[in-house]
Each structure stands twice: as C-alpha cells, then as structure tokens.
Amino acid sequence: MAGLKITTLKKSFGRNTILQNISFEVSDGEFCILLGPSGCGKTTILRIIAGLDQCDKGEIFIGDREVSNLTPKERDVAMVFQNYALYPHMNVYENMAFSLKIKKLSKTKIDKKVRKAAKLLDIEDLLDRKPRELSGGQRQRVAIGRAIVRNPRIFLFDEPLSNLDARLRSTMRVELARLHQKLGTTMVYVTHDQVEAMTLGDKIVLLDKGVIQQIGPPQKLYKSPSNLFVATFIGGPQINLIEGVLDADKNKFLFRAGSLIIDLSSRSGLKKYLGLKVTIGIRPESLMPADGPFLGSLEVVEHIGSETILYVKTVNGRIIAKASPIFQRKTGDKISLALRTPDVHLFYKGIRI
Ligand SMILES: Nc1ncnc2c1ncn2[C@@H]1O[C@H](COP(=O)(O)OP(=O)(O)OP(=O)(O)O)[C@@H](O)[C@H]1O
Ligand SMILES: [Mg+2]
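Bear in mind the structure is a predicted one, so any value in this text is a computation, not a measurement.

Thresholds applied
Residues numbered from 1 in each chain as written. Chains lettered and ligands numbered in written order. Predicted model: local features only at pLDDT ≥ 70, side-chain atom pairs only at ≥ 80, totals over all residues. Heavy atoms only, no water. Helix = DSSP H or I, 4+ residues; strand = E, 2+ residues; numbered from the N terminus. Buried < 20%, exposed > 50% of the residue type's maximum accessible area, 1.4 Å probe, protein only. Contact = heavy atoms within 4.5 Å. Areas by Shrake-Rupley, 256 points an atom, 1.4 Å probe, with all protein chains shown as cover. Lys, Arg positive; Asp, Glu negative; His and termini not counted. Charge placed at Lys NZ, Arg CZ, Asp CG, Glu CD. Near = heavy atom within 4 Å. Polar contact = N/O pair within 3.5 Å; in protein donor to acceptor, adjacent residues only side chain to side chain. Nonpolar A, V, L, I, M, F, W, Y, C, P; charged D, E, K, R; others polar. Domains from an automatic or database assignment. Buried area = accessible area lost by both parts, 1.4 Å probe. Pairing = 2+ DSSP bridges. Patch = residues over 30% accessible without salt bridge, like charges linked within 9 Å, V, L, I, M, F, W, Y side chains within 5 Å. Salt bridge = Lys/Arg side-chain N within 4 Å of Asp/Glu carboxyl O. Core = buried A, V, L, I, M, F, W, Y, C linked by side-chain atoms within 4.5 Å. Phe/Tyr/Trp six-rings, centres within 6.5 Å; stacked < 30°, edge-to-face > 60°. Lys NZ or Arg CZ within 6 Å of the ring centre and 35° of its normal.

1. What to know about the overall build of the protein
So, step 1. When helices and strands are counted, the protein shows nine helices and 20 strands.
So, step 2. Counting only residues that meet the buried cut, the protein has 47% of its 353 residues in that class.
So, step 3. Partitioning the intrachain contacts of the protein with sequence separation of at least 6 by distance along the chain shows that 65% fall at a separation of at least 24.
So, step 4. Summing over all exposed atoms, the protein offers an accessible surface of approximately 17,600 Å²; the carbon and sulfur share of this is 50%.
So, step 5. Counting 54 positive and 36 negative side-chain charges, the protein places the averaged centre of each group 2 Å from the other.

Dropping the structure here:
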C-alpha cells in the first residue's frame with residue numbers, strides 16, 4: 001500500500017495539448033476520483049500513472065519512490081479497464097490466476113489468493129465458467145478479482161461500471177465502497193458520472209479540457225464550487241444560473257436581474273464588485289414553492305417519488321426547484337419560488353467570489 005503524488009504533469013499528442021500542469025496527491029488508503037466530461041484526459045492520466053503512456057513533463061511518486069521512468073510491472077499498480085479485457089478462452093479461475101502464474105508463484109499460493117479474492121467478491125460459484133457465460137456485473141467482479149490477487153500498491157479503475165445497467169451500477173457502487181473499506185488500498189477511479197464520484201470518493205479531482213478545475217472532498221465541490229464549470233458539473237438537477245448586476249440600496253447589497261431582486265446583505269466582501277456583472281448560482285433544493293422573488297409558470301412537474309422537481313418558466317429563464325412529493329399543482333399554473341436559505345453562490349467572470 002502506498003500514496004500517490006503527481007507533479008506538473010504535461011502531455012501532448014502531436015500538436016494537441018491533452019494535459020496541462022496536472023498536480024495532485026492521493027494519500028495512503030484514499031479513494032480518489034478523477035472526474036470530468038468525455039475527452040478531458042482522465043484515461044490518459046490513469047495510463048501515465050500505470051506506465052502505459054509516457055508524459056512529456058512531470059513526476060509521479062508512488063509512496064516515497066519516483067516511478068516516472070519505471071516499467072508498468074515495476075510500478076506495482078493494477079488497472080481495471082472499462083471493457084474488463086478478460087481472456088475469453090480461460091475460465092474465471094484461470095483469468096484470476098494468470099498474472100500469478102507469470103510471477104511463478106506456487107500452485108498452493110495461487111489457489112489461496114484466487115479463492116480469497118473470489119470469496120471477497122462473492123464469485124466462488126463462478127470459478128469454472130468462461131467469461132461469455134457471465135453477466136456484465138459478474139465479469140466486472142472477475143476483472144476486479146484479477147486486480148485484487150496481485151495485491152497491488154494502488155488500484156486504478158477506468159470507468160469500471162459504465163457498461164452496466166442503472167440498477168447493477170448502483171449495486172456495484174456499494175460493493176466497491178465495501179471493497180475499499182475491506183482492502184484499505186489506495187484507489188484512483190475514473191468516471192464522468194458525478195453521482196458515482198459524489199458517493200464513492202474521499203476526494204474528487206475535477207478536470208475540464210486537461211486542466212484541473214478543483215480538488216477536494218465531494219461536499220466541498222458541491223458547497224463551494226470554485227468556478228462556474230464546477231458549479232454546473234456537480235449536482236443534479238443542475239444549479240440555476242442567472243446573470244445580473246450587483247447593486248447597493250442604502251446599506252444593503254442587492255443582486256438585480258431585470259425585475260428580480262435578491263438581498264445579499266448577509267454576504268461580506270462584495271463592495272469591490274458593486275456595479276459589476278455577476279452570476280448567481282442557486283441549487284434547486286435551495287428554492288421552494290412559496291411567496292418569493294421568482295415568479296413564473298410551471299413548465300414541467302416531475303414526480304420522482306421522494307420529491308417533486310419543478311421546471312418553472314420565468315423572465316430570467318428556466319428555473320429548477322424542488323418540492324415535496326405531495327406537490328399538487330399542474331403544468332401551466334402560476335407559481336412563485338422563495339429561497340429556502342440565504343446561501344446563493346456568486347461568480348464574477350466565472351470565478352467564485
Ligand atoms: N493515442 C492518442 N493519440 C492522439 N490523441 C489521443 C490519444 N489518446 C487520447 N487522445 C486524445 O486525448 C484526449 C483525452 O483522451 P482521454 O481518453 O484521456 O479522455 P477521457 O477523459 O478518458 O474521455 P472518456 O470519458 O471519453 O473516456 C482526447 O481528446 C483524445 O482524443
Ligand atoms: Mg476514458
């Protein structure tokens with residue numbers, strides 16, 4: 001087991017810069033998520049950590065040792081790929097035993113390790129089956145099992161759940177969290193699914209176009225997004241964004257966007273933004289149906305069981321709010337929304353203020 005440290009990593013393919021100045025640390029035993037939209041460079045970072053790709057600049061440390069120039073084998077990490085990459089002609093047992101055979105471990109030792117991993121993953125009954133005789137979720141477990149038997153210092157997962165249906169994905173998510181608790185091994189886990197990131201990660205590294213946008217625990221990214229990209233990427237339904245101007249009335253700070261006025265007096269440090277264009281961000285759960293500054297009509301009402309999602313047409317654009325599961329009103333009805341709490345997010349030129 002070991003922590004991981006990456007400093008000022010840079011990578012280009014031809015003339016395209018793919019990763020710029022990537023630095024982050026994962027402490028020993030931490031579950032770190034690399035999150036970001038398709039093409040932002042997540043897999044490339046994972047491949048560079050594993051030693052399957054070279055970076056142009058930067059260093060990688062595993063534990064205290066710099067591994068930048070070591071071969072994949074010498075790095076002692078195990079990568080679980082999105083497509084599992086199981087050997088089709090081998091059964092589950094042989095798939096899991098393969099890397100240990102190559103290492104020339106004794107049959108008894110191999111057997112012990114494979115059975116222990118199989119037990120942990122609840123696939124003991126499947127050891128004789130070929131990959132084609134398994135469901136997607138079972139194949140996924142075998143791929144993880146193959147990584148576990150190697151007892152690596154770090155696990156690297158590349159979107160391991162993306163081939164599974166929604167239900168299996170949420171079951172496997174819980175399984176992975178449980179596995180991490182049991183093994184306690186450092187994990188770096190790539191996903192573009194913010195729900196997976198929020199539920200699994202001790203820490204999220206959020207990327208866009210090869211640049212780190214924010215690093216922190218999931219709740220930190222949710223509660224204090226450092227810029228508009230983070231604010232919109234994390235959280236579903238998406239945060240409401242409204243552009244307006246910061247204004248003052250007597251000793252009150254006000255946000256104005258047309259007829260919409262929101263009192264920001266509880267906020268400090270706003271003086272230098274007076275008269276400037278700012279964006280406010282309000283999460284749907286911070287808005288509720290009640291007398292308040294947002295007036296509009298109901299466009300869509302989604303009853304999703306535990307709550308109701310309201311899509312409201314206003315002069316400031318569509319606003320999304322949350323209501324209780326017993327919300328009664330229908331599409332077309334007039335509605336007003338109030339802030340549940342005074343906590344709105346404020347951005348100037350896209351950056352949190
Ligand atoms: N071998 C390569 N040659 C040239 N460009 C590449 C190569 N591998 C990746 N890229 C480019 O680098 C960028 C980052 O790719 P990467 O696979 O790391 O993205 P990703 O974040 O994993 O995306 P996804 O979520 O779709 O898997 C993409 O624009 C991709 O087209
Ligand atoms: Mg990828």
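Picking up after the structure, the text goes on.
2. Regarding the site of ligand 1
So, step 1. Near ligand 1, the surroundings consist of Phe13, Ile18, Pro37, Ser38, Gly39, Cys40, Gly41, Lys42, Thr43, Thr44 and Glu159.
So, step 2. Between Glu159 and ligand 1, the recorded distance is 3.4 Å, taken from a side-chain N or O atom to an oxygen atom.
So, step 3. With the chains in place, 56% of the 640 Å² that ligand 1 exposes on its own is no longer accessible.
So, step 4. The element that contributes the greatest number of residues to the shell around ligand 1 is helix H1 (residues 42-50), accounting for three residues.
So, step 5. Considering only residue class, the shell around ligand 1 consists of four nonpolar, five polar and two charged.

3. Comments concerning the domain arrangement of the protein
So, step 1. Domain annotation for the protein reports domain 1 (4-232) and domain 2 (240-352).
So, step 2. Each of domain 1 and domain 2 was reduced to a C-alpha centroid, and the two centroids are 39 Å apart.
So, step 3. Taken together, the contact pairs ten residues of domain 1 with nine residues of domain 2.
So, step 4. Together domain 1 and domain 2 conceal approximately 810 Å² of surface at their shared face, both sides included; 58% is due to carbon and sulfur atoms.
So, step 5. Counting the surface domain 1 buries against domain 2, the share from its top three residues, Tyr222, Pro225 and Leu228, is 57%.
So, step 6. Mapped by element, the contributors of at least two residues to the side of domain 1 that touches domain 2 are helix H8 (218-223) and helix H9 (228-233).
So, step 7. The class makeup of the residues in the side of domain 1 that touches domain 2 is five nonpolar, four polar and one charged.

4. Focus: the sheet that holds strand S11 (residues 240-249)
So, step 1. Ordered by their spatial adjacency, six strands build an open sheet running S13-S12-S11-S14-S19-S20, and the pairing between neighbours is antiparallel. The two strands at the open ends of the sheet, each matched to only one other strand, are strand S13 (260-263) and strand S20 (351-352).
So, step 2. Across two bridges, strand S19 (residues 345-348) lies against S20 in antiparallel orientation. Bridged to Phe347 within S20 is Arg352.

5. Re a positive patch on the surface
So, step 1. Taken together, Lys103, Lys109, Lys112, Lys113 and Lys116 make up a surface patch of like positive charges.
So, step 2. Mapped onto the elements of the fold, Lys109 is located in helix H4 (residues 107-121).

6. Observations regarding the pairing of strand S17 (residues 317-323)
So, step 1. Burial analysis of S17 places five of its seven residues in the buried class, which makes it a mostly covered element.
So, step 2. Counting the residues between successive antiparallel strands, the hairpin from strand S16 (residues 308-314) to S17 contains two residues.

7. Brief notes about the nonpolar core
So, step 1. Counting 46 residues, the largest nonpolar core has Met96, Ile144 and Leu206 as its most contacted members.
So, step 2. Residues contacting Ile144, with those up to four places away along its chain left out, are Val80, Leu121, Phe157, Met172, Leu176 and Leu179.
So, step 3. Core analysis: the next-biggest nonpolar cluster, separate from the first, contains 28 residues, Phe24, Ile48, Ala50 and Val190 among them.

8. Here's the deal with the pattern of salt bridges
Pairing of side chains with opposite charge becomes possible as their charged atoms draw close.
So, step 1. Inspection of every chain in the model, using the stated rule, returns ten salt bridges.
So, step 2. Where Lys209 meets Asp208, a salt bridge forms, and the shortest distance between an N and an O atom there is 3.7 Å.
So, step 3. Here the salt bridges do not stand alone but share partners, grouping Arg141, Glu175 and Arg178 into one network.

9. Focus on H1
Helical geometry: 3.6 residues make up each α-helical turn, so side chains three or four residues apart lie on a common side.
So, step 1. Of all the nine residues making up H1, seven are buried; the element is thus mostly covered by neighbouring parts of the structure.
So, step 2. For H1, the set of buried residues is Lys42, Thr44, Ile45, Leu46, Ile48, Ile49 and Ala50.
So, step 3. Positive backbone phi, approximately 90°, marks Gly51, located one or two places after H1.

10. Quick look at the packing of aromatic side chains
Centre distance and the angle of the planes are the two values used to describe a pair of aromatic rings.
So, step 1. Throughout the structure, instances matching the rule amount to six aromatic pairs.
So, step 2. A network of ring pairs unites the aromatic residues Phe31, Phe155, Phe157 and Tyr189 as a single cluster.
So, step 3. A cation over a ring is seen here: Lys5 above Phe61, with NZ or CZ 5.5 Å from the ring centre.
So, step 4. Its guanidinium or amino end placed over the ring of Tyr222, Arg283 lies 4.1 Å from that ring's centre, counting from NZ or CZ.

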